[in-house]
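# Analysis of the macromolecular model
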Amino acid sequence: MSVTIALEPPRQEGVIRLLDLSDAYAQSLYPAESNHLVDLSVLEKPSVSFLVARNDDAIVGCCALVEAGDDTAEIKRMFVDPEARGLRIASGLMNALEAIAGEKRLTAIRLETGIYQPEAIALYRKYGYREIEPFGSYLPDPLSLFMEKQLG
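None of the values given here were measured: they were computed from a predicted structure. (Residues numbered from 1 in each chain as written. Predicted model: local features only at pLDDT ≥ 70, side-chain atom pairs only at ≥ 80, totals over all residues. Heavy atoms only, no water.)

Turning our attention to the overall build of the protein chain. Across its full length, the protein chain holds four helices and seven strands. In sequence order, the protein chain lays out its α and β elements as β-α-α-β-β-β-α-β-α-β-β. Here the protein chain has a C-alpha radius of gyration of 14 Å; the compact-globule value for 152 residues is 15 Å, and the two agree. In terms of overall dimensions, the protein chain has C-alpha extents of about 40 × 35 × 30 Å along its principal axes. Per-residue burial over the protein chain gives 49% buried out of 152 residues. Sequence separation of at least 24 residues holds for 65% of the intrachain contacts in the protein chain that already meet a minimum separation of 6. (Helix = DSSP H or I, 4+ residues; strand = E, 2+ residues; numbered from the N terminus. Rg over C-alpha atoms; globule rule 2.2 N^0.38 Å. Buried < 20%, exposed > 50% of the residue type's maximum accessible area, 1.4 Å probe, protein only. Contact = heavy atoms within 4.5 Å.)

In structure tokens:
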């Protein structure tokens, strides 16, 4: 087993499969108005760093770092294939995201996640993310948790 993480384009079959799985998972937990998923065209913008995790060439995880234009960025579309969980892929993606944020000299990374995803919340807390008020275009939502990590 050899897990690798690299910047790759999001428009590829294995990534689209993961995004479809992510969409279905989010839709099983939350009503449409509480799902804040971005589509493939957003992930292809120049302000987005898209990471792909592979296990022996198979795409098993992904995430995006979306720059906000104010020296901050947001984590979007973090997802690991359920069959590849336990391989520390999410931790690898977090390390790679934070390394990119450091290279770009960003001051903070933010995210929105749902309250019914305790594994995701635990991962973010482990990496030093703290709860904040809604940011950007987000509105308060009792099903959402907003988090931020100050950098440098």
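Located in the positive-phi region is Asp 57, a residue other than glycine, with phi close to 80°. On the secondary structure map, Asp 57 appears in the loop between strand 2 (48–55) and strand 3 (58–67). For Asp 57, a relative accessible area of 59% puts it in the exposed group. Of note in this structure, Arg 105 is not a glycine but carries a positive phi near 55°. Mapped onto the elements of the fold, Arg 105 is located in the loop between helix 3 (89–103) and strand 5 (108–114).

Our next topic: the pairing of strand 5. Here strand 5 lies mainly inside the structure; six of its seven residues are buried. In the sheet, strand 4 (residues 72–80) pairs with strand 5 via four bridges, with the strands oriented parallel. Paired with Ala 73 across the bridge in strand 5 is Ile 109. For the handedness criterion, the β-α-β arrangement of strand 4, helix 3 and strand 5 is classed as right-handed. Two elements, strand 5 and strand 7 (residues 144–150), share seven bridges in a ladder whose sense is antiparallel. Residue pairing for strand 7: Thr 113 is matched across the bridge by Leu 145. (Pairing = 2+ DSSP bridges. Right-handed = clockwise from strand over helix to strand, strands pointing away.)

With the rule as written, the count across this model stands at five aromatic pairs. Between Phe 135 and Phe 146, the aromatic rings sit 6.1 Å apart at their centres with planes inclined by 85°, giving edge-to-face as the arrangement. In this pair, Phe 135 sits in the loop between strand 6 (130–132) and strand 7 while Phe 146 sits in strand 7, placing the two residues 11 residues apart along the sequence. With respect to class, Phe 135 is no different from Phe 146; both count as buried. Three or more aromatic residues link up through ring pairs in this structure, and these residues are Phe 135, Tyr 138 and Phe 146. Sitting above the plane of the Phe 79 ring, Arg 85 keeps its charged end 5.3 Å from the centroid. (Phe/Tyr/Trp six-rings, centres within 6.5 Å; stacked < 30°, edge-to-face > 60°. Lys NZ or Arg CZ within 6 Å of the ring centre and 35° of its normal.)

Let us look at the nonpolar core. Leu 65, Ile 75, Met 94, Tyr 124 and Tyr 129 are the most contacted members of the largest nonpolar core, which has 28 residues in total. Elements with a minimum of two residues in this core: strand 2, strand 3, strand 4, helix 3, strand 5, helix 4 (118–126) and strand 7. For this core, the leading source of residues is helix 3, giving seven residues. Non-local contacts of Leu 65, meaning those with residues more than four positions away in its chain, are made with Ser 47, Val 48, Ser 49, Ala 73, Glu 74, Ile 75, Leu 97, Ile 100, Ala 101, Leu 106 and Ile 109. (Core = buried A, V, L, I, M, F, W, Y, C linked by side-chain atoms within 4.5 Å.)

Let us now look at the UniProt feature "domain: N-acetyltransferase" (unreviewed entry) in the protein chain. Using the residue numbers shown here, the UniProt feature "domain: N-acetyltransferase" (unreviewed entry) corresponds to residues 5–152. Secondary structure across residues 5–152 comprises 30% helix and 32% strand; the distance between its end C-alpha atoms is 23 Å. (UniProt positions renumbered as here; feature names shortened; annotations may be inferred.)

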